[in-house]
Amino acid sequence: MLSYFQVIATPVPTARRLSADQDFVRKLRFTPGWRMSPPSIEWQLQIDQPTDWVRNIDQARAVSPAVREVVEPLLGPADEVQWIPATVRTREGDPLPYWVMHFPHPTDIYDEDRTIRGASPIPMSAALSAAKLEGHTVVPGPLTSYTYLAEPVLQAMKERGLTGYSIEKRHHPR
């Protein structure tokens, strides 16, 4: 069984929203479904150098074209990702092409017998289910901005030298 890594955008100053449609971007995280004719999505960096995974005020999975080039061919047969175009502007205002990695139909990946939850539906301590991850290499953490990457995907990202993400935890699904 593959190991999975819980990944999130590196905690650096957050890119601020420039696009007008805050509701659209918020719904990317909380409302399933494919997005047709998405509006312009744009953030401005508050750091000097762009990274490949951008921390932004909307907690969207904003990634560079290099991330898409690495991740897309490694998606599992059960993975479903919609790549929504976005723009990230440097501090100086120069536009850079980016993608929002949107998961139209999030997968329940938790082993309910081993996952610890508090009052919220968000796990306090997540345990992943090997059966539920079958066929997946890149999955979102339901109701969180975490993304779970199978070891080969993370390894490919490291080999490419991609930046802007933090590994929060390694999971060994059962």
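Everything below is about the structure printed above this text.
Predicted model, so just to flag it, every value in this text is computed and none were measured.

J.: Please clarify how the sheet that holds strand E3 (residues 42-44) should be interpreted in this entry.
T.: Sheets are built from strands that pair by backbone hydrogen bonding, the pairs being arranged parallel or antiparallel. Read across the open sheet, the six strands follow the order E2-E3-E6-E7-E5-E4; overall the sheet is mixed. Two strands in the sheet have a free side with no partner beyond their single neighbour: strand E2 (16-17) and strand E4 (53-54). With two bridges connecting them, E4 and strand E5 (residues 62-63) associate as antiparallel partners. Within E5, the residue paired with Trp53 across the bridge is Val63.

J.: Is there a simple way to explain the pairing of strand E7 (residues 95-102) in this structure?
T.: For a regular strand, side chains alternate in direction, first toward one face of the sheet and then toward the other. Two elements, E5 and E7, share two bridges in a ladder whose sense is antiparallel. Bridge pairing in E7 places Val63 opposite Trp99. Here strand E6 (residues 82-89) pairs with E7 via eight bridges, running antiparallel. Counterpart to Trp83 in the pairing with E7 is Met101. With antiparallel pairing between neighbouring strands as the criterion, E6 and E7 make up a hairpin whose turn holds five residues, including Gly93 at a positive phi of roughly 100°.

J.: Any chance you could explain the pattern of salt bridges here in plain terms?
T.: Opposite charge on two side chains makes pairing possible when the charged atoms of those side chains draw close. Under the criterion given, the structure shown has eleven salt bridges. Put simply, Glu42 and Arg89 hold a salt bridge, and the shortest N to O gap is 2.2 Å. Linking Glu42 in strand E3 with Arg89 in strand E6, this pair joins segments that are 47 residues apart in sequence. When its relative accessible area of 16% is taken as the criterion, Glu42 is described as buried. Among the residues examined, Arg89 registers a relative accessible area of 25% and is labelled partly exposed. One salt bridge in this structure joins Arg170 and Glu151, with 3.2 Å as the shortest N-O distance. Here Arg170 is found in strand E12 (residues 165-171), whereas its partner Glu151 is found in helix H4 (residues 151-160), with 19 residues between them in sequence.

Parameters at a glance
- Residues numbered from 1 in each chain as written.
- Predicted model: local features only at pLDDT ≥ 70, side-chain atom pairs only at ≥ 80, totals over all residues.
- Heavy atoms only, no water.
- Pairing = 2+ DSSP bridges.
- Helix = DSSP H or I, 4+ residues; strand = E, 2+ residues; numbered from the N terminus.
- Salt bridge = Lys/Arg side-chain N within 4 Å of Asp/Glu carboxyl O.
- Buried < 20%, exposed > 50% of the residue type's maximum accessible area, 1.4 Å probe, protein only.

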